[in-house]
Amino acid sequence: MATLGELERAVMDLLWEHPEAITANALRDLLSQRPPAVAGGTDTKELAVTTVLTVLSRLEKKGLVERERSIRPHRYRSVTSRAEHTAELMLEVLGSAPDREAVLARFIGTVTDGEATTLRKLLGRG
Amino acid sequence: MFWTSWFLAILAVILAWPVPLVLARARWTARSPFSAMVLWQAIALAGGLSMIGAMLVFGLVPLGGNLISGLKNLLGIMLGRTSGAQLEFWHAFALSAAALLFAHLVFTLLLTYARIHKQRRRHRELLELLSSPATGRPGTVVISHDVPVAYCLPGGSRSITVLSDGLMNLLEPDELRAVLIHENAHLSQRHHLLLWAFAGWRSALPWLPTSRLAQRSVNALIEMLADDVALHSVDRATLVKAIALVASGPARLAPIELVDGGGDRIDTPETTSARLGRLLNPAPALPRPVQTLVLVGSVLLLAVPTALLTVPGLLG
């Protein structure tokens, strides 16, 4: 049995691939079709729909998945794309980073001739 | 007691303004980041201690000859056992201010921790879904993004180092190793705790320009410390190349950055410039005796207000 973390990952991967909302049953079928290596390296054939529902509600709590409640059974979709989540992480890391060019420009403004030569040599452009 | 409070007040002012200003501009700090780091911590701690201590001691003047008897009498007044008639307005005011400042500092520090912790948890949750383990590098994951970036996410035994695809494509294996050693140094030297403390200090006293200076200096110093660790295993040229290629500096402790709320970035181009300049044009390390002097000075800085507050009470 895959761990919850591995399942969350496999479910998110599927939801990111399917932009349209999808039921837990359909998700379970897709998960079962996946080769074990993709679905977290463990066997997911005997996955119960309740397990998929548990994973989905965990992901919903984390704000990663939203649920369409208008029809039954409920359909699930990812809140944003994979790329947007990655961008969110990178934004946290880089913050409102001044553009990278500016950093080197600032450095070059303060650099001495000797340092510039060394740097050019190191970068293989001397 | 009265003169002690004045002395502490003067010490607090000196430590809050001229001293950090001078230290932030000093050039020797790049030659011994470790001693400079210890000194910054001593300044912050001694500054807070003398700020609170000055008000506390002033407020207790009418209540006793030393801190302990003063506090005992204060407790009596607060419990209603003795009358507080001898406590005039200004003394009561100073006591309240001391209590408020102390609570404010502690509370802000805890709040900062909670904020960092929450942010890290969210970051880790997303990372678990978005990254894949780096082959052959335990505790390291790769995230697919073009911007070259490397950072570490502290969390005890669950600490991880994150590399981006962009970085892996940009750097040669040697340079990548330099970056990884640098990041590991941040984790093993627990730099996130320092960043937390100074971020907390800054959130608590944002109107104090020196709390920003301190945070910025400390940030630069931990980068230098990590660079020095990397220099044990890779040569200077490789490290310089890695830093220059990543341009704005490969190393960041991500979760602190949003805590910086003020909008000012902690990791400035100046930090990267300082790191590169110091590696390209290495100055000799600060002589041992001078390093020792700085460390002894730091200890004294902390010992003086502590002694002023406690020793008369112990002797009396």
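Described below are features of the structure shown in this document.

Thresholds applied
- Residues numbered from 1 in each chain as written.
- Chains lettered and ligands numbered in written order.
- Predicted model: local features only at pLDDT ≥ 70, side-chain atom pairs only at ≥ 80, totals over all residues.
- Heavy atoms only, no water.
- Helix = DSSP H or I, 4+ residues; strand = E, 2+ residues; numbered from the N terminus.
- Buried < 20%, exposed > 50% of the residue type's maximum accessible area, 1.4 Å probe, protein only.
- Contact = heavy atoms within 4.5 Å.
- Areas by Shrake-Rupley, 256 points an atom, 1.4 Å probe, with all protein chains shown as cover.
- Pairing = 2+ DSSP bridges.
- Patch = residues over 30% accessible without salt bridge, like charges linked within 9 Å, V, L, I, M, F, W, Y side chains within 5 Å.
- Salt bridge = Lys/Arg side-chain N within 4 Å of Asp/Glu carboxyl O.
- Phe/Tyr/Trp six-rings, centres within 6.5 Å; stacked < 30°, edge-to-face > 60°.
- Core = buried A, V, L, I, M, F, W, Y, C linked by side-chain atoms within 4.5 Å.
- Axes fitted to C-alpha atoms, helices over the stretch in contact; angles between N-to-C directions.
- Left-handed = near helix turned anticlockwise from the far one by under 90°.
- Nonpolar A, V, L, I, M, F, W, Y, C, P; charged D, E, K, R; others polar.

## Considerations on the overall build of chain A
Argument step 1. Each helix and strand counted, chain A has six helices and three strands in total.
Argument step 2. Each helix (α) and strand (β) of chain A, taken in turn from the N terminus, gives the series α-β-α-α-β-β-α-α-α.
Argument step 3. The buried share of chain A, reckoned over its 126 residues, is 35%.
Argument step 4. The contacts in chain A between residues at least 6 apart in sequence include a share of 54% that link residues at least 24 apart.
Argument step 5. Accessible area for chain A stands at about 7,100 Å²; split by element, carbon and sulfur atoms hold 54% of it.

## Here's the deal with the overall build of chain B
Argument step 1. Counting secondary structure elements, chain B contains 13 helices and five strands.
Argument step 2. Within chain B, buried positions represent 51% of all 316 residues.
Argument step 3. Put simply, of all contacts in chain B between residues at least 6 apart along the chain, 71% involve residues at least 24 apart.
Argument step 4. Accessible area for chain B stands at about 14,800 Å²; split by element, carbon and sulfur atoms hold 67% of it.

## What to know about the pairing of strand S2 (residues 140-143) of chain B
Residue and element names in this part refer to chain B.
Argument step 1. A two-sided burial pattern is seen for S2, the buried positions comprising Thr-140 and Val-142 on one face and Val-141 and Ile-143 on the other.
Argument step 2. Pairing of strand S1 (residues 131-133) with S2, which is carried by three bridges, proceeds in the antiparallel orientation. Paired with Ser-132 across the two strands is Val-142, which belongs to S2.
Argument step 3. Where S2 lies against strand S4 (residues 160-164), four bridges are found, and the strand directions are parallel. Residue pairing in the sheet places Val-141 in a bridge with Val-162 of S4.

## Overview of the pairing of strand S3 (residues 75-78) of chain A
Residues and elements named next belong to chain A.
Argument step 1. By the alternation rule, side chains of S3 split into Tyr-76 and Ser-78, which are all buried, and Arg-75 and Arg-77, of which none is buried.
Argument step 2. The sheet contact formed by strand S1 (residues 22-23) and S3 spans two bridges and is antiparallel. Note that in S3 the partner of Thr-23 across the bridge is Arg-75.
Argument step 3. Alignment of strand S2 (residues 65-68) against S3, held across four bridges, turns out to be antiparallel. Directly across from Glu-66, in S3, lies its bridge partner Arg-77.

## Description of a nonpolar patch on the surface
Residues and elements named next belong to chain B.
Argument step 1. There is a patch of nonpolar side chains on the surface, built from Phe-7, Val-296, Leu-300 and Val-304 and spanning about 340 Å² of accessible area.
Argument step 2. Take the nonpolar patch: its biggest share by element is three residues, from helix H13 (residues 288-315).
Argument step 3. Relative to the helices and strands, Val-296 is located in helix H13.
Argument step 4. With relative accessibility at 45%, the residue Val-296 sits in the partly exposed group.

## Thoughts on the sheet that holds S1(A)
Argument step 1. If you trace the three strands from one edge of the open sheet to the other, you get S1-S3-S2 (chain A), paired in antiparallel fashion. What marks the edges here is a single partner per strand, and that holds for S1 and S2 of chain A.

## Comments concerning the packing of aromatic side chains
Residues and elements named next belong to chain B.
Argument step 1. Inspection of the entire model under this criterion finds eight aromatic pairs over all chains.
Argument step 2. Ring centres 6.3 Å apart and planes at 65° place the aromatic pair Phe-2 and Trp-6 in the edge-to-face group. One end of the pair is Phe-2 and the other is Trp-6, both in helix H1 (residues 2-16) and four residues apart, which spans about a single turn.
Argument step 3. For the ring pair Tyr-113 and Trp-196, a centre distance of 5.4 Å and an interplane angle of 65° mean the geometry is edge-to-face.

## Things to note about the nonpolar core
Argument step 1. Among the nonpolar cores identified, the biggest contains 33 residues, and A:Val11, A:Met12, A:Leu15, A:Leu27, A:Leu56, A:Leu59 and B:Leu127 are the most heavily contacted of them.
Argument step 2. Going through the elements one at a time, helix H1 (4-17), helix H2 (24-33), helix H3 (49-61) and helix H4 (82-94) of chain A together with helix H5 (89-130), S2, strand S3 (150-153) and S4 of chain B are the ones with two or more residues in this core.
Argument step 3. Per-element accounting of this core gives the leading share, seven residues, to H1(A).
Argument step 4. The contact partners of A:Leu15, leaving out residues within four places of it in the chain, are A:Ile22, A:Leu27, A:Leu56, A:Val65, A:Tyr76, A:Arg77 and A:Ser78.
Argument step 5. Core analysis: the next-biggest nonpolar cluster, separate from the first, contains 30 residues, B:Trp40, B:Ala46, B:Val218 and B:Ile222 among them.

## Thoughts on the packing of helix H3 (residues 33-60) of chain B against helix H8 (residues 191-204) of chain B
Residues and elements named next belong to chain B.
Argument step 1. One can describe the packing of H3 onto H8 by two numbers: an axis separation of 12 Å at closest approach and a directional angle of 35°. Here the hand of the crossing between H3 and H8 comes out left-handed. Mapping the contact onto sequence places Met-37, Trp-40, Gln-41 and Ala-44 in H3 and Leu-194, Phe-198 and Trp-201 in H8.
Argument step 2. Residue composition of the contact of H3 with H8, grouped by class: six nonpolar, one polar and no charged.

It is worth stressing that arrangement in space is one thing and function is another; only the former is reported here.
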